[in-house]
Amino acid sequence: MLTALPTALPTDTRLGELWPDIWQATGETLLMVALTMLIGGTLGLLLALGLYLTRKGGLYENAAVSVTLNVLVNFFRPIPFIIFIAAVQPAARLVVGTGIGMPAVVFSLILAAMFGIARIIEQNLVTVPPGVIEAARAMGASRARIAATVVLPEALAPIILGYTFAFVAVVDMSAVAGLIAGGGLGSFAQTFGYRQYDPTVTWVCVLILVALVQVIQLLGNTLSARILRR
């Protein structure tokens, strides 16, 4: 005989008493995202430069290196983050000493962001007009100088938009990381909202994440537009 399911969920909420914990979870999310964008963003930029500079016709054209980097990025980038976390747990234990919690989450976020950002930035670098590069080479500029003072500045506006997009993706991944008790708003919403049938807590966490994304998106769009007007 089947047991009847409850016809209604509890309507009371613990939101009032949970505000201090919500702000703590918000701080954890900001910390995870900041560390990921700082470290993963830097590594992603370096990887993107490697992809761009060693491609066919690039300043440091090298087929072997280009193929190797492309295979590496194409292998890791499509993996859904929830699976990626589980896949890199052994590496996380080796590097940070644990496979769960915030350190492991940050480690996974950095790796995932690095490969995603690398491809985004590479696509932005490709938009630099070849004529600009050729003009710099004709003036006797070295390849390293062209990369640093011509290619990157020319692509700066779309690169900023690329990092803005990556920030939004990292916020999303940090929320998913709550499944392994990684801390932050994702873990908080799951523990005190979803599992305790308190949709008010869940939606407050959602609104905080949306507000955070909106602020960063506005800043990225504004900065990119100012650079384009120069």
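Conventions used here
- Throughout this document, residue positions are counted from 1 along each chain, in the order its sequence is written.
- Local features are withheld for residues below a pLDDT of 70 in this predicted model, meaning they are given only at 70 or higher, and side-chain atom pairs are given and counted only at 80 or more; totals for whole chains, interfaces and linings count all residues.
- Side-chain descriptors were evaluated using all non-hydrogen atoms of the structure, hydrogens and water having been removed beforehand.
- To get an axis, a line is fitted to the C-alpha atoms, and for a helix only the part in contact is used. The angle between two axes follows their N-to-C directions and goes from 0 to 180 degrees.
- Helix and strand assignments come from DSSP, with helices taken as H or I runs of at least 4 residues and strands as E runs of at least 2, each series counted from the N terminus.
- For classification, angles of less than 35 degrees are called roughly parallel, those exceeding 145 degrees roughly antiparallel, those between 65 and 115 degrees roughly perpendicular, and all remaining angles oblique.
- Note on definitions: a residue-residue contact is assigned when non-hydrogen atoms from the two residues lie within 4.5 Å.
- Here, nonpolar core refers to any group of buried Ala, Val, Leu, Ile, Met, Phe, Trp, Tyr and Cys residues whose side-chain atoms link them within 4.5 Å.
- The buried label applies to any residue whose accessible area, calculated with a 1.4 Å probe on protein chains only, is under 20% of its type's maximum; exposed applies above 50%, and partly exposed to all values in between.
- Scored from 0 to 100, pLDDT records how confident the predictor is in each individual residue.
- Definitions for this section: a left-handed crossing has its near helix turned counterclockwise from the far helix by less than a right angle. A right-handed crossing has that turn clockwise.
- In this classification, the charged set is Asp, Glu, Lys and Arg, the nonpolar set is Ala, Val, Leu, Ile, Met, Phe, Trp, Tyr, Cys and Pro, and all remaining amino acids, among them Gly, are polar.

1. Some details on the packing of helix H8 (residues 156-176) against helix H10 (residues 199-229)
- Running from N to C, H8 and H10 cross one another at 170°; their axes reach a closest spacing of 8 Å. Our classification of the angle between H8 and H10 gives roughly antiparallel. Each of Leu-156, Ala-157, Ile-160, Leu-161, Thr-164, Phe-167, Val-168, Val-171 and Ala-175 in H8 lies in contact with H10, whose residues at this interface are Leu-209, Leu-212, Val-213, Ile-216, Gln-217, Gly-220, Asn-221, Leu-223, Ser-224, Ile-227 and Leu-228.

2. Quick notes on the nonpolar core
- Counting 51 residues, the largest nonpolar core has Met-37, Phe-81 and Leu-125 as the members making the most contacts within it.
- When residues of this core are traced back to their parent elements, those giving at least two are helix H1 (15-54), helix H3 (81-87), helix H5 (101-125), helix H6 (130-138), helix H7 (143-154), H8, helix H9 (184-194) and H10.
- Broken down by element, this core gets its largest block of residues, eleven residues, from H1.
- Setting aside residues no more than four positions away along its own chain, Leu-125 makes contact with Ala-48, Leu-49, Tyr-52, Val-151, Leu-152, Ala-155 and Ile-159.
- Membership of the second largest hydrophobic core comes to seven residues, among which are Leu-51, Val-73, Met-114 and Phe-115.

3. A look at the confidence of the model for the protein chain
- Mean pLDDT over the protein chain: 88, with 93% of residues reaching 70 or higher.
- Here H9 stands out as the element of the protein chain with the lowest mean pLDDT, 86, in contrast to helix H2 (residues 63-76), whose mean of 95 is the highest.
- Contacts for the low-pLDDT stretch residues 1-10, under 50 throughout, to residues beyond four places or in other chains number two contacts.

4. Section: the packing of H9 against H10
- Where H9 meets H10, the closest approach of the two axes is 8 Å, and the angle between their N-to-C directions is 160°. When the axis of H9 is compared with that of H10, the two are roughly antiparallel. Crossing handedness for the pair H9 and H10: left-handed. Between H9 and H10, the residues in contact are Leu-185, Phe-188, Ala-189, Phe-192, Gly-193 and Tyr-194 and Val-201, Thr-202, Cys-205, Ile-208 and Leu-209, respectively.
- Classifying every residue of the contact of H9 with H10 gives nine nonpolar, two polar and no charged.

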